[in-house]
Amino acid sequence: MLAIGCMGFGGPSVLEPLSLPAPVCGEEQVRIRVEGVSVNYADLQTRRGSYHAGGTQFPVIPGLDAVGIVETVGSRVDHIRVGQRVLAFPHTGTYAEYVVADGNLTFPVPEGLPLEQAIACPLVTFTSWMLLHKVAALEPGETLLIHAASGGIGTTVIQMARNLGAARIIGTVGSPAKRQAALDAGADDVFCLSDGPFAAAVLDKTGGRGADVILDSLGGSYTAEGMTCLAPYGRMVAFGNASHAYCQVDRSEERRVGKECRSRRMRPAWFGEAAPEVLASLAAGRVKIPIAARFPLMEAAGAHELLEQRKVTGKIILEV
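Residues numbered from 1 in each chain as written. Predicted model: local features only at pLDDT ≥ 70, side-chain atom pairs only at ≥ 80, totals over all residues. Heavy atoms only, no water.

Q: Which residues make up the packing of helix H3 (residues 122–135) against helix H10 (residues 268–284), and what values go with them?
A: As a packed pair, H3 and H10 sit with axes 9 Å apart at the nearest point and diverge in direction by 115°. Crossing of H3 against H10: the hand is right-handed. Between H3 and H10, the contacting residues are Thr-125, Phe-126, Trp-129, Met-130, His-133, Lys-134 and Val-135 on the first element and Trp-270, Phe-271, Glu-273, Ala-274, Ala-275, Glu-277, Val-278 and Leu-282 on the second. In terms of residue class, the contact of H3 with H10 is built from ten nonpolar, two polar and three charged. (Axes fitted to C-alpha atoms, helices over the stretch in contact; angles between N-to-C directions. Helix = DSSP H or I, 4+ residues; strand = E, 2+ residues; numbered from the N terminus. Left-handed = near helix turned anticlockwise from the far one by under 90°. Contact = heavy atoms within 4.5 Å. Nonpolar A, V, L, I, M, F, W, Y, C, P; charged D, E, K, R; others polar.)

Spelled out as structure tokens, the structure:
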């Protein structure tokens, strides 16, 4: 089968076409002919060698999710049938013509959900649902602060938080050009990080109380600053290091968290809990994923280059 991967870590140019054996389906798995995958920041980290779940045995194939048609169903999978269009979260890279996924991490795509929305949605919607429902436990009437508010997870979190009854949603973005995308998604206030410390602005907008929930995908000094505008009984959820620095905690703890906190491995049941609400919201149009760009799988390097420019609002997808 054709796959896109790398034989060494580096910039987008290390991505190249590879001819690999098609994966074999186990009895608790399904094999999928891939139609498309979403491009996520973790894919860039995988290519650079800095993503803890990306692997170090070459070739390394990026990709965390896939949408496609089921070709084989294992004997112990009873909720999926051959010929169905599904979205899945395989344990191996998804920039490929075929992938294998565990049955409990594979979900039928609802009728009427456009293909490109299905391709764009898996990681951002399921991650957003888990962050809000399982980790932060956002309650109606609370104030939410979300960093990277114009990106895939940011715009999805904003929509889901509004559906959950958040009283105020505050976003931060990296440049003024990205502010409108977060406002369009439903944020009440959006601050540009280049304008100065965001904590003072959050405290001002909340009458000094601060945010009940902070979703921090930036890490580094932004985590420490966020702690200064966290409301009493607030929850800080650090789930990324887009600033290229982890949140300021003991480094031995940082390594432990980095190696273990991969949801599909540590909390696979959460995906099954998320699926009904996530897919129903997408099918009903209550949550929409903005598509920033589409690339053929063979042009994955161009997709990575675009994402690294940090000018994208919404999702980039690869079509197979």
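Q: Describe in detail the confidence of the model for the chain, supporting the description with residues and values.
A: Should pLDDT be low for a region, the predicted coordinates there are not to be read in detail. Of all residues in the chain, 92% attain a pLDDT of 70 or more, and the chain-wide mean is 92. Every residue in residues 249–261 scores below 50 in pLDDT, and together they form seven contacts with partners more than four places removed in sequence or on other chains. (pLDDT = per-residue confidence, 0-100.)

Q: Give me the lowdown on the pattern of salt bridges, citing residues and values where you can.
A: Within the structure shown, the criterion is met by 15 salt bridges. Residues Glu-308 and Arg-48 are paired through a salt bridge, measuring 2.9 Å at the closest nitrogen-oxygen approach. With Glu-308 in helix H11 (residues 300–308) and Arg-48 in helix H1 (residues 41–48), this residue pair connects regions lying 260 residues apart in the sequence. Assessed through its relative accessible area of 30%, Arg-48 is described here as partly exposed. For Glu-273, the salt bridge goes to Lys-134, with nearest N and O atoms at 2.6 Å. Of this pair, Glu-273 sits in helix H10 while Lys-134 sits in helix H3; the two residues are 139 residues apart in sequence, bridging distant segments of the chain. If you follow the salt bridges from partner to partner, you end up with Glu-27, Glu-28 and Arg-76 in one network. (Salt bridge = Lys/Arg side-chain N within 4 Å of Asp/Glu carboxyl O. Buried < 20%, exposed > 50% of the residue type's maximum accessible area, 1.4 Å probe, protein only.)

Q: Can you explain helix H6 (residues 198–205)? Please cite residues and give values.
A: Here H6 has its buried residues at Phe-198, Ala-199, Ala-201 and Val-202. Down the axis, H6 shows its buried residues gathered within 160° of arc, on one side only. Set apart from the buried face of H6 by more than 90 degrees, the exposed residues are Ala-200 and Asp-204. The secondary structure elements touched by the buried residues of H6 are strand E8 (143–146), strand E9 (168–173), strand E10 (189–192), strand E11 (211–216) and helix H7 (221–227). (Arc of directions from axis to C-beta.)

Q: Any details on the packing of H1 against H11? Residues and values, ideally.
A: At a minimum axis separation of 10 Å, H1 and H11 run at an interaxial angle of 110°. Taken together, the axes of H1 and H11 lie roughly perpendicular to each other. Crossing hand, H1 versus H11: left-handed. Residues Tyr-41, Asp-43, Leu-44, Arg-47 and Arg-48 of H1 touch H11, and the partners they reach there are His-304, Leu-307 and Glu-308. Its residues assigned to classes, the contact of H1 with H11 shows three nonpolar, one polar and four charged. (Parallel < 35°, antiparallel > 145°, perpendicular 65-115°, else oblique.)

Q: Describe unusual backbone geometry, and please don't skip the residues or the numbers.
A: Generally, phi is negative for residues other than glycine and the peptide bonds are trans, each holding for most cases. Here Phe-58 and Pro-59 are connected by a cis peptide whose omega angle stands at 0°. Tracing the chain through its elements places Pro-59 in the loop between H1 and strand E4 (66–73). You will see that Ala-137, though not glycine, has its phi angle at about 50°, which is positive. Position of Ala-137 relative to the elements: it lies in the loop between H3 and E8.

Q: Please provide a residue-by-residue account of the state of the cysteines, values included.
A: Tallying each qualifying case throughout the model produces zero disulfides. Counting only cysteine sulfurs, Cys-229 is the nearest neighbor of Cys-192, a cysteine outside any disulfide, at a range of 16 Å. (Disulfide = S-S within 2.5 Å.)

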